[in-house]
Amino acid sequence: MTDRFLRVLILLMSVVFTGCQDNGSEKLNLQQAVAIESGDECHLCGMIITHFPGPKGQLYERGDMSVRKFCSTRDMFAYLLDPEHSHHVENVFVHNMAVTPWDHPQAEAYIDARKAWYVVNSRRKGAMGPTLASFADQKTAQEFIKEYGGSLYRFDQIDLALLSEIGFSKPGELHQPDG
């Protein structure tokens, strides 16, 4: 009886642990970057995302399976760094601008924003004017700097003070594109 009890207990525990792991995988698989559709609006400013050049951003908040899409990496960071939202963000994506056209970034080019390299203050403009050019690797980001200028940052180095330096004064502020 003890041997049988142990086998049943081990079987039940493996089912429970496997079930927990599968649910986590399902959730992670559902939180992926998605294509920007022609009518999608920026979650922060409401502008039509596809009308503007440069890298875009997307994010998911904990407990919410709906994606928030942004017309620029600058708007995405403004939302992400706002204390009201910063602790709720679960997954964040940006375009790898090394593999997609600047004027029309493609859905296949999204990467994990936390692993990306960012060029700030380059001569290339995004939806709101100055933007953060995002790259999957440091070497490509440095090549971009040689051509377009700017400074190199990692995800954790970007803060509200840096955003204000590139022309975004407050998270959530309504603004118009430069130009």
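Residues numbered from 1 in each chain as written. Predicted model: local features only at pLDDT ≥ 70, side-chain atom pairs only at ≥ 80, totals over all residues. Heavy atoms only, no water.

Draft legend 1. Main features of the sheet that holds strand β1 (residues 57-61). One open sheet accounts for four strands, arranged β2-β1-β3-β4; its pairing is antiparallel. Every other strand in the sheet has two partners, leaving β2 (68-70) and β4 (110-112) as the edge strands with one partner each. Neighbour to neighbour, the strand axes of the sheet diverge by 25° on average, direction disregarded. One ladder, built from three bridges, connects β1 with β2; its direction is antiparallel. If you follow Gly57 over to β2, its bridge partner there is Phe70. (Pairing = 2+ DSSP bridges. Helix = DSSP H or I, 4+ residues; strand = E, 2+ residues; numbered from the N terminus. Axes fitted to C-alpha atoms, helices over the stretch in contact; angles between N-to-C directions.)

Draft legend 2. Region of the structure containing unusual backbone geometry. Phi at Asn121 is positive, roughly 70°, even though this residue is not glycine. Looking at the secondary structure, you find Asn121 in strand β5 (residues 117-126). The partly exposed category is assigned to Asn121, whose relative accessible area is 43%. (Buried < 20%, exposed > 50% of the residue type's maximum accessible area, 1.4 Å probe, protein only.)

Draft legend 3. Here's a closer look at the confidence of the model for the chain. Per-residue pLDDT for the chain has a mean of 84; in total, 77% of the residues score no lower than 70. Note that residues 18-28 has pLDDT below 50 and, in this model, four contacts with residues that lie over four places away or in other chains. Low confidence marks residues 169-179, where pLDDT is under 50. Its contacts with residues over four positions away, or in another chain, come to 19 contacts. (pLDDT = per-residue confidence, 0-100. Contact = heavy atoms within 4.5 Å.)

Draft legend 4. Spotlight on helix α3 (residues 138-148). With a side-chain oxygen lying 3.2 Å from the backbone nitrogen of Lys139, the N-terminal cap of α3 falls on Asp137. In the stretch just after α3, Gly149 is the one whose phi turns positive, near 80°. (Polar contact = N/O pair within 3.5 Å; in protein donor to acceptor, adjacent residues only side chain to side chain.)

Draft legend 5. Local environment of the pairing of β5. Bridge count between β5 and strand β6 (residues 129-135): six bridges; the pairing is antiparallel. Counted as the bridge partner of Trp117 is Phe135 from β6. In this structure, the hairpin formed by β5 and β6 is closed by a connection of two residues.

Draft legend 6. Structural view of the environment of Gly63. Counting through the fold element by element, Gly63 comes out in the loop between β1 and β2. A relative accessible area of 74% means that Gly63 is categorised as exposed. With 27 residues separating them along the chain, Gly63 and Glu90 place their C-alpha atoms 8.9 Å apart.

Draft legend 7. Looking closely at the sheet that holds strand β7 (residues 151-154). Taken in spatial order, the three strands of this open sheet run β6-β5-β7, and their pairing is antiparallel. Edge positions in the sheet fall to β6 and β7, since each of these pairs with one other strand and no more. Put simply, the sheet's adjacent strands are angled 45° from each other on average, direction ignored. Contacting β5 and β6, helix α2 (residues 73-81) runs over the sheet at an angle of about 85° to β6. Strands β5, β6 and β7 of the sheet are contacted by α3, whose axis makes an angle of about 30° with β5.

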